[in-house]
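Letter by letter, the chains look like this.
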Amino acid sequence: MGEFVIKMPDVGEGVAEAELVEWHVKPGDPVREDMVLAAVMTDKATVEIPSPVDGVVLWLGAEVGDTVAVKAPLLRIEVAGEGGAEEARATTIEPPVKVEEVKDKPAEAKSAPSPSTRPLVEALITEPEKFAEHAVAREPTERPLASPAVRLRAQEAGVDLRQVTGTGPARRITHDDLDQFIARGAQSAAVAPTGLARKTAIEEIKVTGLRRRIAEKMRLASSRIPHITYVEEVDVTDLEDLRATMNAGRKSDQPKLTILPFLMRALVKTIGEQHGVNATFDDDAGVVTRYSAVHIGIATQTPSGLTVPVVRHAEARSIWDVAAELTRLADAARNGTAAREELSGSTITITSLGALGGIVTTPIINHPEVAIVGVNKIMTRPVWDGTQFVPRKIMNLSSSFDHRIVDGWDAAVFVQRIKALLETPALIFIEG
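Since we're looking at a predicted model, the values are computed, not measured. Residue positions within a chain follow its written sequence, with the count starting from 1. Only residues with pLDDT of at least 70 are given local features in this predicted model, and only at 80 or more are side-chain atom pairs given and counted; all residues enter the totals for whole chains, interfaces and linings. Heavy atoms from the whole structure form the basis of all side-chain values; hydrogens and water molecules are not counted.

Caption draft 1: Inspection of the pairing of strand 6 (residues 55–60) at higher detail. Each residue gets one of three labels from its accessible area relative to the maximum for its type: buried under 20%, exposed over 50%, partly exposed in between, using a 1.4 Å probe on protein chains only. Only DSSP runs of H or I reaching four residues or more are called helices, and only runs of E reaching two or more are called strands; each is numbered from the N terminus. A large share of strand 6 lies buried, amounting to six of its six residues. When DSSP finds at least two bridges between two strands, those strands are taken to pair. By the bridge criterion, two bridges tie strand 3 (residues 30–31) to strand 6 in an arrangement that is antiparallel. Opposite V31, over in strand 6, you have G55 as the bridge partner. In the sheet, strand 6 pairs with strand 8 (residues 73–79) via four bridges, with the strands oriented antiparallel.

See the structure below:
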C-alpha cells in the first residue's frame, strides 16, 4: 500500500493561489481515476480537480473557503499496486500553504480514516464491481455529489438532487441519472402539514467562493467610491417599435434583439463625445486611465452569484454583433464556462433589473471603473403631447458615477445624450 499526494494545480497563467469552494469527497471515501475531487475558483472562474488515481481518501489539507497556494498539497489518497509506496516516499507531505496565513503556522490536517478502510483500496483494484457497495453512505442533509453542470441543469428543471440516485463513483450524480429521474417525473417534496407552527431553525452559511468575492467587491466599491446617482426618464416608444420591426425581419442566424444592444451602441456614441466616463481610477496611485476602446461589462445573475462578462471592443461591433456576443457571454457565465479574460477588463458597466420591475435603482460602480448605467422596467404611461394625453413607453435610466472623477454636470450631460439617442433611435445608426 502507498500514498499519492494531489497538489493544487496551476489553474491559470499568473495565478499563484485559488480558493477552495467545494469538496466532493471526505476522508474514507473511495475514489476512481477522473472522479472530481474538489472545485477551486480564481478570478470568478471555477475549475474542477479530478483524481489521477484509484484509491481511498486519507487526508484533506484545506477547508472550503481557504485560499491555497499553487503546488500546495490538497489531499492524500491511499493507493494499491506496484510503485504506490515508492511514489509516496518521493513526495514530501506538507500542510497546505495558505496565502492568507503566511506565518509558520501549519494547517490542521483533517481526521484520517480508520485502518478498516484499507480493504476498500484492494477492492478497487481486484474487485471493481464491488466499488458501489463500498460507496460511503450520505446523510439526508448532506449535499449530493454532482458537477456544476449537473447542478445547473437540475436547478433549471426544478429538481432536488437529494431525490436523485447517483450511479457514479461515491454515488456521484451523472447527467444520465438526472435524465432518467426527469423522464420518470420528478416527485415534489412531501407537502408540509397544514396549520400554523413556530419555526426555530437557524442556518449559518459560510460566505465562500463567488459570493465572498462579490461581498469584497461591493465593500471596496462602497467604502472607496463617493457615488452620485442620476435618474432620468427615457421615452422608448419609437425604440421599441424599431426593435420589434428589426426582430420581425431578422435572419435565422441573427439573435433576437433586446433593448441592451441599442443601449450599448448609444453608450459607444456618447463615450466618443465624453471620454471621461470610459475610464478606471487607481485611487492608490492617483491615476485616471481613459480608454479609447469600449469594453462594456454586463452585470449577469448566475446560479453562483453576480458576474460581469465583458463585451470587448463594442465600438467595432454592429448592433447584431453586439447582441450575438452579449448572448454568448451571458450563456457562458450562467453555465460556468466563461474564460477568465471574458470576466474582466471592462471600462464601463451596464446593469439591468428591468425584467424584474423596479422604477429606480442606485447601482454600485464596478471598481475601479468610474461609471455604471442601470436599466429599469419599461412602463406604459399617459404623456401630455400638448393637446392630449397619449400612451407612451417610459423607462428610467439610473446611472451612478465616481464623484471624485465625474462632476454632476458631466454626469447629467452624459445621461441626457444617451436619452436623446434612445428617444430618436435612428441617430444610433448614423456614423460620424
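Caption draft 2: Looking closely at the sheet that holds strand 8. Taking strand neighbours across the sheet as the criterion, the four strands line up as 1-8-6-3 in an open arrangement whose pairing is antiparallel. Of all strands in the sheet, those with a lone pairing partner are strand 1 (2–7) and strand 3, marking the two edges. With six bridges connecting them, strand 1 and strand 8 associate as antiparallel partners. Residue pairing in the sheet places E3 in a bridge with E78 of strand 8.

Caption draft 3: Representation of the nonpolar core within the structure. Only buried residues count toward a nonpolar core. Its members are Ala, Val, Leu, Ile, Met, Phe, Trp, Tyr and Cys residues joined through side-chain atoms within 4.5 Å. Of all hydrophobic cores here, the largest spans 44 residues; its most connected members are I296, I350, F414 and L422. The greatest single-element share of this core, amounting to nine residues, is contributed by helix 7 (residues 259–273). Ignoring any residue separated from it by four or fewer positions in sequence, one finds I296 in contact with M264, L267, P309, V310, V311, A314, S346, I348 and I350. We call two residues in contact when some of their heavy atoms are within 4.5 Å.

Caption draft 4: Representation of the pattern of salt bridges in the model. Any Lys or Arg side-chain nitrogen found within 4 Å of a carboxyl oxygen on Asp or Glu counts as a salt bridge. Counted under the stated rule, the structure contains 21 salt bridges. Between R151 and E22 there is a salt bridge; the shortest N-O distance is 3.2 Å. One end of the pair, R151, is in helix 3 (residues 148–157); the other, E22, is in strand 2 (residues 17–23), with 129 residues separating them in the sequence. Note on accessibility: R151 and E22 belong to one class, buried. Here D238 and R392 are joined by a salt bridge, their closest N and O atoms 3.9 Å apart.

Caption draft 5: Structural context of the sheet that holds strand 16 (residues 348–352). Pairing is mixed across the open sheet formed by six strands, whose spatial order is 9-18-17-16-12-15. Across the chains shown, the open sheet's two edge strands, defined by having one partner strand only, are strand 9 (227–235) and strand 15 (310–311). All axes are obtained by fitting lines to C-alpha atoms, using only the stretch in contact for helices, and the reported angles, taken between N-to-C directions, cover 0 to 180 degrees. The sheet strands contacting helix 7 are strand 12 (296–298), strand 15, strand 16, strand 17 (371–384) and strand 18 (389–402), and the helix crosses strand 16 at an angle near 150°. Running over the sheet, helix 9 (residues 408–423) touches strand 9, strand 16, strand 17 and strand 18 and is turned about 25° from strand 9.

Caption draft 6: Looking closely at the pairing of strand 18. Inspection of the sheet shows strand 9 paired to strand 18 by nine bridges, in the antiparallel sense. Bridge assignment links V231 to a residue of strand 18, and that residue is S398. Here strand 17 pairs with strand 18 via twelve bridges, running antiparallel. The residue of strand 18 that forms the bridge with T380 is K393.

Caption draft 7: Structural detail: the layout of surface pockets. Approximately 720 Å³ is the volume attributed to the second largest pocket. A 1.4 Å probe that fits into a set of points on a 1 Å grid over the protein atoms alone but cannot get out defines a cavity; an open set with protein on both sides within 12 Å along at least five of seven lines defines a pocket, and lining residues are those with an atom within 4 Å of a point. What lines the second largest pocket is a set of 28 residues, among which L260, A299, R334, S352 and A355 lie closest to the centre. Ranked by residues supplied to the lining of the second largest pocket, first place goes to helix 8 (residues 319–334) with six residues. Residue classes in the lining of the second largest pocket are distributed as 15 nonpolar, eight polar and five charged. Grid points are joined across faces, edges and corners, and a volume is the space filled by probe spheres set on the points. Gly is placed with the polar residues, together with every amino acid not listed as nonpolar (Ala, Val, Leu, Ile, Met, Phe, Trp, Tyr, Cys and Pro) or charged (Asp, Glu, Lys and Arg).

Caption draft 8: Broad picture of the packing of helix 7 against helix 9. Across the interface, helix 7 lies against helix 9 with an axial gap of 9 Å and an inter-helix angle of 130°. Considered as vectors, helix 7 and helix 9 are oriented oblique to each other. Note that helix 7 runs across helix 9; the crossing there is right-handed. Mapping the contact onto sequence places F262, L263, A266, L267, K269, T270, I271 and E273 in helix 7 and F414, R417, I418, L421 and L422 in helix 9. Angle categories are assigned with fixed cut-offs, so that under 35 degrees is roughly parallel, over 145 is roughly antiparallel, 65 to 115 is roughly perpendicular, and the rest are oblique. Left-handed describes a crossing in which the near helix is turned anticlockwise from the far one by less than a right angle; the clockwise case is right-handed.

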